[in-house]
Amino acid sequence: MSTALSEKPRRVTTHTLQEMKTRGEKIAMLTAYDYSIAKILDRAGIDVLLVGDSASNVMAGYETTIPITLDEMIYYASAVVRAIERSLVVVDLPFGSYQGNSKEALNSAIRIMKETGAHAVKLEGGREIVESVSRILSAGIPVMGHLGLTPQSIHKFGTYVVRAKDDAEAKKLVDDAHLIAEAGCFALVLEKIPAALGAKVAGELKIPVIGIGAGRHVDGQVLVLHDMLGITQDFSPRFLRRYHNLYQEITGAVTKYIDDVKNADFPNEKEQY
Ligand code: KIV
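**Some remarks on the domain arrangement of the protein chain**
You'll often see interface size given as the accessible area lost when the parts meet.
Argument step 1. Taken domain by domain, the protein chain holds domain 1 (9–242) and domain 2 (246–273).
Argument step 2. The gap between the C-alpha centroids of domain 1 and domain 2 is 39 Å.

Encoded structure:
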């Protein structure tokens, strides 16, 4: 085997993402929650895998991201980390694991890093999490921020509508984005905000800004895997592009399997010992 073929791919780091922003190369990020799918996404060349607390919805079936626990996030994240050779793995700190105080935030981040082998954590919020971000960073743990629609605060917002449409909320978001960047976050996710605001924040910040429903003039995009593959059917925000209809594909395969079993077509002569 040639050296080139046996070489492991170069790992994506927080520095790689910064270099990508500098040279204008977009960052592709997707969620992942398990070993087998993470392996496919990593080998396909995804830059960042987010073990999102959206696992609460798409893996565990809860209505919001609030119920998922730190232990559950650690379980999903360690499975993802075992699969990857190249991608940067970022893990959400779940609701209740960092809002209490910065010491709690640091302890939760340390558990994620120690028990999963992930490369970074993500926290939702602006000014109110700056102290926690600094404390986590002082332990050498890279932090990604998340502003705009922050699903852990859904009961404060009341709905999942577009955020920061009025001037006051837009100004607060821009201020918070600067605070998060100055605190030392290596990247920022902006969720469901006007495209012009996404472009403004990405233009003003030196760190990469990754959007989900934040328009095209940001430094990268993230989607929830189950939504973009069409496994989920009942979630259709305007920003979602479905690349496949896996719900239909899986239903087709499973109904065919059921038929084959019922008709004693499976297994055939060649599929037995
Ligand atoms: O949990 C998640 O999947 C996320 C993305 C929507 C950015 O935070």
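**What about a nonpolar patch on the surface?**
Argument step 1. A surface patch of nonpolar side chains, amounting to about 520 Å² of accessible area, comprises I250, V254, Y257, I258, V261 and F266.
Argument step 2. Residue placement: F266 occurs in the segment after α12 (246–262).
Argument step 3. Judged by relative accessible area, which is 39%, F266 ranks as partly exposed.

**With respect to the environment of F266**
Argument step 1. Along the primary structure F266 and E115 are separated by 151 residues, whereas in three dimensions their C-alpha atoms are 42 Å apart.
Argument step 2. With residues near it in sequence (within four places) discarded, F266 still touches Y257, D260, V261 and E271.

**What about the site of the ligand?**
Argument step 1. In the neighbourhood of the ligand, the contacting residues comprise T31, L50, G52, D53, S54, D92, K122, H146, V189, E191, I212 and V224.
Argument step 2. Between the ligand and the protein, one listed contact pairs an oxygen atom with a side-chain N or O atom of S54 at 2.5 Å.
Argument step 3. Alone, the ligand offers 260 Å² of accessible surface; in the complex the protein occludes 96% of this.
Argument step 4. The residue makeup of the shell around the ligand, split by class, is four nonpolar, four polar and four charged.

**Regarding the environment of L30**
Argument step 1. Mapped onto the elements of the fold, L30 is located in strand β1 (residues 27–31).
Argument step 2. C-alpha of L30 to C-alpha of L223: the two residues are 193 residues apart in sequence and 5.3 Å apart in space.
Argument step 3. The residues touching L30, leaving out its near neighbours within four places in the chain, are L41, I46, V48, L49, L50, V222, L223, L225 and M228.

**Observations concerning the sheet that holds strand β5 (residues 143–148)**
Argument step 1. The strand order around the closed barrel built from eight strands is β1-β2-β3-β4-β5-β6-β7-β8, with neighbouring strands paired in parallel fashion. Neighbour to neighbour, the strand axes of the sheet diverge by 25° on average, direction disregarded.
Argument step 2. Note: strand β3 (residues 88–92) against strand β4 (residues 120–122), three bridges, orientation parallel. Residue pairing across strands places D92 opposite K122, the latter belonging to β4.

**Looking at the side chain of D47**
Argument step 1. Inspection of the secondary structure puts D47 in the loop between α3 (35–44) and β2 (48–51).
Argument step 2. Look at D47 and you get buried, because its relative accessible area is 7%.
Argument step 3. At 3.2 Å, the side chain of D47 forms a polar contact with the side chain of R86.

**Section: the pattern of salt bridges**
Argument step 1. Overall, the coordinates contain 14 salt bridges when judged by the stated rule.
Argument step 2. Across the pair D219 and K21 runs a salt bridge, and its minimum N-O distance is 2.8 Å. Of this pair, D219 sits in the loop between β7 (209–212) and β8 (220–223) while K21 sits in helix α2 (residues 14–23), and the two are 198 residues apart along the sequence. Grouping residues by exposure puts D219 and K21 together as buried.
Argument step 3. The salt bridge partner of R111 is D71, with a shortest N-O separation of 2.7 Å. One end of the pair, R111, is in helix α6 (residues 102–116); the other, D71, is in helix α5 (residues 70–83), and 40 residues separate them in sequence.
Argument step 4. Judged by relative accessible area, which is 48%, D71 ranks as partly exposed.

Conventions we followed
- Residues numbered from 1 in each chain as written.
- Predicted model: local features only at pLDDT ≥ 70, side-chain atom pairs only at ≥ 80, totals over all residues.
- Heavy atoms only, no water.
- Domains from an automatic or database assignment.
- Patch = residues over 30% accessible without salt bridge, like charges linked within 9 Å, V, L, I, M, F, W, Y side chains within 5 Å.
- Areas by Shrake-Rupley, 256 points an atom, 1.4 Å probe, with all protein chains shown as cover.
- Salt bridge = Lys/Arg side-chain N within 4 Å of Asp/Glu carboxyl O.
- Helix = DSSP H or I, 4+ residues; strand = E, 2+ residues; numbered from the N terminus.
- Buried < 20%, exposed > 50% of the residue type's maximum accessible area, 1.4 Å probe, protein only.
- Contact = heavy atoms within 4.5 Å.
- Near = heavy atom within 4 Å.
- Polar contact = N/O pair within 3.5 Å; in protein donor to acceptor, adjacent residues only side chain to side chain.
- Nonpolar A, V, L, I, M, F, W, Y, C, P; charged D, E, K, R; others polar.
- Pairing = 2+ DSSP bridges.
- Axes fitted to C-alpha atoms, helices over the stretch in contact; angles between N-to-C directions.

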